[in-house]
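These are the residues of each chain, in order.
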Amino acid sequence: MKQKTIKKIITIQEKCLYSNNISKIIFYPLNAYNGIYINNNKIIVDNINKSNKYYTTISNIKLTEHLLSALYYLGINNLYIECNNNEIPIMDGASKKFIELFKENIYEFPYKSEIFKINKKLTFKINEEENKDLNHKKSERFIEIDEGLFEIKCLVEFPYSGTQQYTLKRLEDYETEISSIKTHMNIEFYNYCVQHHNLNKTLKDSIFIYDENTKFEGNELVKHKILDIVGDLNL
């Protein structure tokens, strides 16, 4: 795997889901071995803002996970991201639009990336407390990353859907299997976000909103959770 950046400066202006604003994002190429930055903050674990559990916030820039997921899949590991707002635009609610933005503009350096090999199985269990107002039952989310290879197993349980489980066995399958799966909210959580978090109602098409009448395909909720996990691997 080689060090990668982008060939040219890329600029977008798109609507944000939570701030009801339009964010202008400028992506700048960086030299090899610099890493990824958002507004002078390097994408590392130490810069995670843990004040909200529903999206990934780097320093004060929220909803970074879909962008970071696309960058991880494409192997872009040197990039400066300038954001004039406190939120990354929602785009299509997934990572497909970000992939399309960068895919034909990747510059590959002749330098190898440092590769860390996982030598034991990693298992993460997240206990969710009950929240009757949001129709969120007490539950346990399960993520497993196997040793020696790229394979992400994820099991989740959300309102109305029951348990969903999926395994992404190869990163090469990410674009076709994962990248177009939109972020999701049960109807109670959506209404809560509109009322308390200034969620932009004009962007409903970027969200999969579901209730007791929704017919699920079977794994769309867990697939989006894997999309988020891939983004967080950049950390």
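Overview of the structure. Keep in mind it's a predicted model, so treat the numbers as computed, not measured. Numbering of residues begins from 1 in every chain and follows the order in which that chain's sequence is written. Residues qualify for local features only when their pLDDT is at least 70, as the model is predicted, and side-chain atom pairs are given and counted only at 80 or more; totals for whole chains, interfaces and linings, by contrast, use all residues. By convention in this description, side-chain values take in all heavy atoms of the structure and omit both hydrogens and water.

Some thoughts on the nonpolar core
Here is a general trend for soluble globular proteins: nonpolar side chains tend to be buried in one another's company.
Okay, step 1: Put simply, a nonpolar core is a bunch of buried Ala, Val, Leu, Ile, Met, Phe, Trp, Tyr and Cys residues held in one set by side-chain atoms that sit within 4.5 Å of each other. Here's how the labels work: a residue is buried when its accessible area is under 20% of the maximum for its type, exposed when over 50%, partly exposed in between, all with a 1.4 Å probe on protein chains only. Counting residues in each nonpolar core, the largest one holds 44 residues, and the members touching the most others are Phe27, Leu71, Ile81, Phe102 and Tyr174.
Okay, step 2: Whether two residues are in contact is decided by their heavy atoms: any pair within 4.5 Å suffices. Those residues in contact with Ile81 that sit more than four places away from it in its chain are Ile25, Ile26, Phe27, Ile36, Tyr37, Ile38, Asn39, Leu67 and Leu71.

A look at the packing of aromatic side chains
Okay, step 1: Pairing of aromatic rings covers Phe, Tyr and Trp, the last counted by its six-membered ring, and requires centre-to-centre distances within 6.5 Å; plane angles under 30 degrees mean stacked, over 60 mean edge-to-face, and any other angle means tilted. As enumerated under the stated definition, the model contains ten aromatic pairs in all.
Okay, step 2: Aromatic side chains Tyr33 and Tyr111 sit 6.2 Å apart centroid to centroid with 35° between the ring planes, which places their arrangement in the tilted category. A residue pair is termed long-range when its members are at least 10 positions apart, and Tyr33 in the loop between β3 (22–29) and β4 (36–38) and Tyr111 in strand β9 (residues 106–112) qualify at 78 residues.
Okay, step 3: Relative accessible area serves as the criterion here: at 51%, Tyr33 is assigned to the exposed category.
Okay, step 4: Consider the rings of Tyr73 and Tyr174, whose centres lie 5.1 Å apart with planes at 25°: the pair is stacked. With Tyr73 in helix α1 (residues 65–74) and Tyr174 in helix α3 (residues 174–177), this pair connects stretches of sequence that are 101 residues apart. Across this residue pair, the class does not change: Tyr73 and Tyr174 are buried.
Okay, step 5: Every member of this aromatic cluster is reached through a ring pair, and the members are Tyr33, Tyr107, Phe109 and Tyr111. Strands here mean DSSP runs of E at least two residues long; helices mean DSSP runs of H or I at least four residues long; both are numbered from the N terminus.

A closer look at the side chain of His224
Okay, step 1: Following the sequence through the fold, His224 ends up in helix α5 (residues 220–232).
Okay, step 2: Overall, His224 belongs to the buried group, its relative accessible area being 2%.
Okay, step 3: For His224, the side chain forms a polar contact with the side chain of His66, separated by 3.2 Å.
Okay, step 4: When near neighbours in sequence (up to four residues on either side) are disregarded, His224 contacts His66, Gly93, Ile181, Lys182, Thr183 and His184. Counting of polar contacts relies on pairs of N or O atoms within 3.5 Å, with two restrictions inside protein: one atom must be capable of donating a hydrogen and the other of accepting it, and residues adjacent in sequence are counted only when both atoms are side-chain atoms.

Examining the pairing of β3
Okay, step 1: Paired strands, as defined in this entry, are two strands with at least two bridges between them according to DSSP. Taken together, the six bridges between strand β2 (residues 10–15) and β3 define a ladder with antiparallel strand orientation. Each bridged residue has a counterpart across the sheet, and for Thr11 the counterpart in β3 is Ile26.
Okay, step 2: Here β2 folds back onto β3 in antiparallel fashion, the turn holding six residues, of which Asn20 has a positive phi close to 60°.

Here's the deal with the environment of Ile145
Okay, step 1: Along the polypeptide, Ile145 turns up in strand β11 (residues 139–145).
Okay, step 2: Taking the C-alpha atoms as reference points, Ile145 and Gln3, 142 residues apart in sequence, are found 24 Å from one another.
Okay, step 3: With residues near it in sequence (within four places) discarded, Ile145 still touches Ile118, Lys120, Lys121, Leu122, Phe124, Glu151, Ile152 and Leu233.

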